[in-house]
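Given next are the chains, with one letter for each unit.
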Amino acid sequence: MHGGTGQRSQKWQRTFPEKMVDLASICRFSFNRPIFSTITRPEPYKVNLCVLRMSKDAVLRQELDDLSDIVYDLIRDIRDPEKDNSLEELDVVYESGVQVEPWGEGKFHISIEFTPTVPHCSLATLIGLCLRVKLENNLPQHYKLDITVKEGSHSTGPEINKQINDKERIAAAMENPDLRAVVNRCVQDPE
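Calculation criteria
Residue positions within a chain follow its written sequence, with the count starting from 1. Residue-level local features of this predicted model are given only where pLDDT is at least 70; pairs of side-chain atoms are given and counted only at 80 or more, and the full residue set underlies all totals for whole chains, interfaces and linings. For side-chain calculations, the full set of non-hydrogen atoms in the structure is used, while hydrogens and water are omitted. UniProt positions are given in the numbering used here, feature names are shortened, and annotations may be inferred rather than shown by experiment. In this analysis a 1.4 Å probe is tested at points of a 1 Å grid over the protein atoms alone, and where it fits but cannot get out there is a cavity; an open set with protein on both sides within 12 Å along at least five of seven lines is a pocket; lining residues have an atom within 4 Å of a point. Grid points are joined across faces, edges and corners, and a volume is the space filled by probe spheres set on the points. In DSSP terms, a helix is any run of H or I states spanning at least four residues, a strand is any run of E spanning at least two, and both are numbered starting from the N terminus. Throughout, exposure labels follow a simple rule: accessible area from a 1.4 Å probe, protein chains only, divided by the maximum for the residue type, with under 20% read as buried, over 50% as exposed, and the rest as partly exposed. Note on definitions: a residue-residue contact is assigned when non-hydrogen atoms from the two residues lie within 4.5 Å. Whether two strands pair comes down to DSSP finding at least two bridges between them. Axis definition: a line fitted to C-alpha atoms, limited for helices to the stretch in contact. Angles are taken between N-to-C directions and run from 0 to 180 degrees. Grouping into patches uses exposed residues only, defined as over 30% relative accessible area, and leaves out salt-bridged ones; the cut-off is 9 Å for like charges and 5 Å for nonpolar side chains (Val, Leu, Ile, Met, Phe, Trp, Tyr). Note on areas: these come from Shrake-Rupley sampling with a 1.4 Å probe, and a residue is covered only by the protein chains present in the view. Every case where a carboxyl oxygen of Asp or Glu lies within 4 Å of a side-chain nitrogen of Lys or Arg is listed as a salt bridge. The charged-residue count follows a simple rule in which Lys and Arg add positive charge and Asp and Glu add negative charge, with His and chain termini not counted at all. Here the site of a charge means atom NZ of a Lys, CZ of an Arg, CG of an Asp or CD of a Glu. Taking the helix axis as origin, the arc is that swept by the directions to the C-beta atoms. Polar contacts here mean pairs of N or O atoms no more than 3.5 Å apart (in protein, one a potential hydrogen donor and the other a potential acceptor; neighbouring residues in sequence count only if both atoms are side-chain atoms).

The protein goes by Cytosolic iron-sulfur assembly component 2A in an unreviewed UniProt entry, where it is assigned to Branchiostoma lanceolatum. Under the UniProt heading Sequence similarities (unreviewed entry), the note attached to the protein is "Belongs to the MIP18 family." Quoted verbatim from the Subunit (unreviewed entry) heading of the UniProt record, the comment on the protein is "Monomer and homodimer. Component of the CIA complex. Interacts with CIAO1. Interacts with IREB2. Interacts with APAF1."

So, in structure tokens, the structure goes:
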């Protein structure tokens, strides 16, 4: 095994260790180098199909993670209706509360969980409305959005969840000019 063949086998072992496969490495490996020229196995086409499938999954997961980061970056700077702090500063929203999953062809299901500052927060519904408005104003229309209060964090959590996910109630709330002004002030981008 002298020359190029031995080097390729060693590269394969470094890039794809037995029993533990780093999907990010596979993704970088398959897109930065020609697959057929770097993999040497008795039946390279079977290995390549596996690499391509894993790479596709890795790319999808990376896209979902990127979208999750984008969603979090959009909502973290929303201002609290009562205080001058952002929802991130008050620990109302947090990265682990944003989940993005595929939902049909080219669509995504975005789930946001938030924790009101106190269990009896009277503005939890308004915070949920701000989250929804900020995302609807800044994301393309290819997603389904669910916003929920973290279970057990608010005394009327189920009622709030129902209100902030009801399209008719959202539309009626946004028709109120005073409420719309408060929401717009909260979702305004920081300067």
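Let's pick the thread back up.
### Quick look at the layout of surface pockets
There is about 260 Å³ of room inside the largest pocket. Contributing to the lining of the largest pocket are 13 residues, with Arg132, Glu136, Tyr143, Leu145 and Lys167 lying nearest its centre. Among the elements of the structure, α5 (124–138), β3 (143–149) and α7 (167–175) are those that each provide at least two residues to the lining of the largest pocket.

### Points about unusual backbone geometry
With the exception of glycine, most residues fall at negative phi, and the peptide bonds are largely trans. Phi is positive for Asp91, close to 60°, though the residue is something other than glycine. You can see Asp91 is positioned in the loop between α4 (44–75) and β1 (98–102). Given the relative accessible area of 56%, Asp91 is considered exposed.

### Some thoughts on the environment of Pro119
Turning to its location among the elements, Pro119 is positioned in the loop between β2 (108–114) and α5. Residues Pro119 and Ser153 lie 34 residues apart in sequence; the distance between their C-alpha atoms is 5.5 Å. Among all residues touching Pro119, those that are not within four sequence positions of it are Ser153, His154 and Ser155.

### Here's the deal with the sheet that holds β1
Pairing is mixed across the open sheet formed by three strands, whose spatial order is β1-β2-β3. The strands lining the two open edges of the sheet, one partner per strand, are β1 and β3. Here the average twist between neighbouring strands, direction ignored, is 15°. Strand direction decides the pairing type here: β1 and β2, joined by five bridges, are antiparallel. Counted as the bridge partner of Gln99 is Ser111 from β2. Contacts between α5 and the sheet are confined to β2 and β3, with β3 contributing the most and set at about 160° to the helix. Taken strand by strand, helix α6 (residues 157–164) contacts β2 and β3, and its axis lies near 155° from that of β3.

### Comments concerning a negative patch on the surface
There is a patch of like negative charges on the surface, built from Glu63, Asp66, Asp69 and Glu95. Looking at the secondary structure, you find Asp66 in helix α4.

### A look at helix α8 (residues 177–187)
Taken together, the buried positions of α8 are Val183, Cys186 and Val187. For α8, the buried positions fall inside an angular range of 90° around the axis, keeping them on one side. Opposite its buried face, α8 presents the exposed residues Pro177 and Asp178, each directed more than 90 degrees away. The elements touched by buried residues of α8 are α5 and α7. For α8, the N-terminal cap is Asn176; the gap from its side-chain oxygen to the backbone nitrogen of Asp178 is 2.9 Å.

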